[in-house]
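What the coordinates show
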Amino acid sequence: MKIILKEKKKLFDDIYEFNFKSDDIVNWIPGQFLQYYIDCKDDGRGTDRFFTIASSPLEGIIKLTTRFSSKGSSFKKVLKGIKIGTSLNVEGPWGKFTLIDSYITKKIFFISGGVGITPFRSIIQDLYLKKEKIDITLLYYNKTSEFIYKNEFDKNNAIKKSYIIGSVDKISLLENINVLDNQNSLYYISGPEGFVKTTESIFLNDLNIYKENLKSDFFPGYSKI
Ligand SMILES: Cc1cc2nc3c(=O)[nH]c(=O)nc-3n(C[C@H](O)[C@H](O)[C@H](O)COP(=O)(O)OP(=O)(O)OC[C@H]3O[C@@H](n4cnc5c(N)ncnc54)[C@H](O)[C@@H]3O)c2cc1C
């Protein structure tokens, strides 16, 4: 399947978003991802990557948001330079990091580390555009004050949000989740692998949240927040 680049935006020094259009992919469940193929030299890490669709289908675009490192992979070097009008091959959408059917009856906590915000941006934007009001609290951890999509979240009064500069730990989770609860709450965790593993371990071992109330998705290839 093909997607075509319509817009490329620098959000921060190392963060870019790419907005694509496609006649092939018009629908997905917010939180799902695509597999992207790029014609680049194989540096041992392969010539394809997975990226969450950071937009809602209602926006009519496929948004890819990513971080570029100074010593980036061949894939990322080519991705950064693609020009408007470039067409890429993708497969998907796939993935189950989406709202469960009973979400409406639950309190939902989204716990994001850095660029792990992408599935939450898609879900939150989708509910916002549908004017659906559900009980969502976003706990957004980042190394610096450069929180991706903060302006959009701040305009959305339907969600509660906390922006936390630094690493995830038990104290900050307790401070920002007023009542920890295994009956009515669901905890979604997204970010680099180290962030997700640490957060899961705190929930399971220190806060006694049951595994069935946690849903997580990690992005390989990034260091810990
Ligand atoms: C389901 C899913 C959804 C995802 N969604 C997103 C998303 O929305 N946004 C997103 O940004 N990522 C997402 N990812 C992660 C994404 O697929 C990449 O793994 C990630 O962006 C890192 O890209 P990269 O490997 O090209 O490395 P880079 O981003 O270029 O570099 C990352 C780190 O690896 C180091 N590195 C680079 N090349 C090498 C090398 N050859 N050998 C050793 N180290 C190297 C760099 O110095 C840097 O520290 C997702 C992954 C999955 C599985």
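Residues numbered from 1 in each chain as written. Predicted model: local features only at pLDDT ≥ 70, side-chain atom pairs only at ≥ 80, totals over all residues. Heavy atoms only, no water.

Here the focus is the side chain of Thr65. Mapped onto the fold, Thr65 is located in strand E5 (residues 62-67). Thr65 gets classed as buried once you look at its relative accessible area, which sits at 5%. Separated by 2.7 Å, the side chains of Thr65 and Tyr149 make a polar contact. Residues contacting Thr65, with those up to four places away along its chain left out, are Leu11, Ile15, Tyr16, Glu17, Ala54, Val115, Thr118, Ile148 and Tyr149. (Helix = DSSP H or I, 4+ residues; strand = E, 2+ residues; numbered from the N terminus. Buried < 20%, exposed > 50% of the residue type's maximum accessible area, 1.4 Å probe, protein only. Polar contact = N/O pair within 3.5 Å; in protein donor to acceptor, adjacent residues only side chain to side chain. Contact = heavy atoms within 4.5 Å.)

This part takes up the pattern of salt bridges. Enumeration according to the criterion identifies ten salt bridges in this entry. Lys130 is the partner of Asp126 in a salt bridge, and the nearest nitrogen-oxygen pair spans 2.7 Å. Judged by relative accessible area, which is 5%, Asp126 ranks as buried. (Salt bridge = Lys/Arg side-chain N within 4 Å of Asp/Glu carboxyl O.)

In the vicinity of the ligand, 21 residues are found, and the nearest of them are Arg45, Phe50, Thr66, Ser73 and Tyr222. Take Arg49: an N or O atom from its side chain is 2.9 Å from an oxygen atom of the ligand. Between the ligand and Ser69 there is a distance of 3.3 Å, counted from an oxygen atom to a side-chain nitrogen or oxygen. When the ligand sits alone it has 960 Å² of accessible area, and the protein chains cover 78% of it. Taken together, the elements giving at least two residues each to the shell around the ligand come down to strand E4 (48-52) and E5. (Near = heavy atom within 4 Å. Areas by Shrake-Rupley, 256 points an atom, 1.4 Å probe, with all protein chains shown as cover.)

Bringing the nonpolar core into the picture now. Counting residues in hydrophobic clusters, the biggest one holds 24 residues, and the most contacted among them are Leu99, Ile108 and Phe110. Elements represented by at least two residues in this core include exactly strand E7 (107-113), helix H2 (118-129), strand E8 (136-142) and strand E10 (185-192). A total of four residues in this core trace back to one element, the largest contributor, which is H2. If near-sequence neighbours (up to four positions away) are discounted, Ile108 is found in contact with Leu99, Tyr103, Ile134, Asp135, Ile136, Thr137, Leu186 and Tyr188. Among the nonpolar cores identified, the runner-up in size contains 21 residues, and Leu5, Trp28, Leu34 and Ile62 belong to it. (Core = buried A, V, L, I, M, F, W, Y, C linked by side-chain atoms within 4.5 Å.)

The omega torsion of the bond from Gly92 to Pro93 falls at 0 degrees, within 30 degrees of zero and hence cis. Of note in the backbone geometry, Asn208 takes a positive phi value of approximately 55 degrees without being a glycine. Positionally, Asn208 belongs in the loop between helix H5 (193-206) and strand E11 (214-219).

With domains assigned, the chain is organised as domain 1 (2-94) and domain 2 (101-219). One C-alpha centre belongs to domain 1, the other to domain 2; they are set 23 Å apart. At the interface, 20 residues of domain 1 touch 16 residues of domain 2. Buried area between domain 1 and domain 2, both sides added, is near 1,400 Å², and the carbon and sulfur share of it is 61%. At the surface where domain 1 touches domain 2, the tally comes to one salt bridge. Of the charged contacts, one joins Arg121 and Glu59 as a salt bridge, the two residues approaching to 2.7 Å between their closest N and O atoms. The interface formed by domain 1 and domain 2 includes seven residue pairs in polar contact (both at pLDDT 80 or more). Secondary-structure elements contributing two or more residues to the side of domain 1 that touches domain 2 are strand E1 (2-12), strand E2 (15-21) and E5. Per-element tally for the side of domain 1 that touches domain 2: the top contributor is E5, with four residues. Residues that form the side of domain 1 that touches domain 2 fall into these classes: nine nonpolar, six polar and five charged. (Domains from an automatic or database assignment. Buried area = accessible area lost by both parts, 1.4 Å probe. Nonpolar A, V, L, I, M, F, W, Y, C, P; charged D, E, K, R; others polar.)

The sheet built from five strands is open, its strands ordered E9-E8-E7-E10-E11 with parallel pairing. Of all strands in the sheet, those bounded by a partner on one side alone are strand E9 (159-165) and E11. When strand polarity is set aside, the average angle formed by the axes of neighbouring strands in this sheet is 10 degrees. Docked against the sheet, H5 engages E7, E8, E10 and E11, running at close to 150 degrees with respect to E10. (Pairing = 2+ DSSP bridges. Axes fitted to C-alpha atoms, helices over the stretch in contact; angles between N-to-C directions.)

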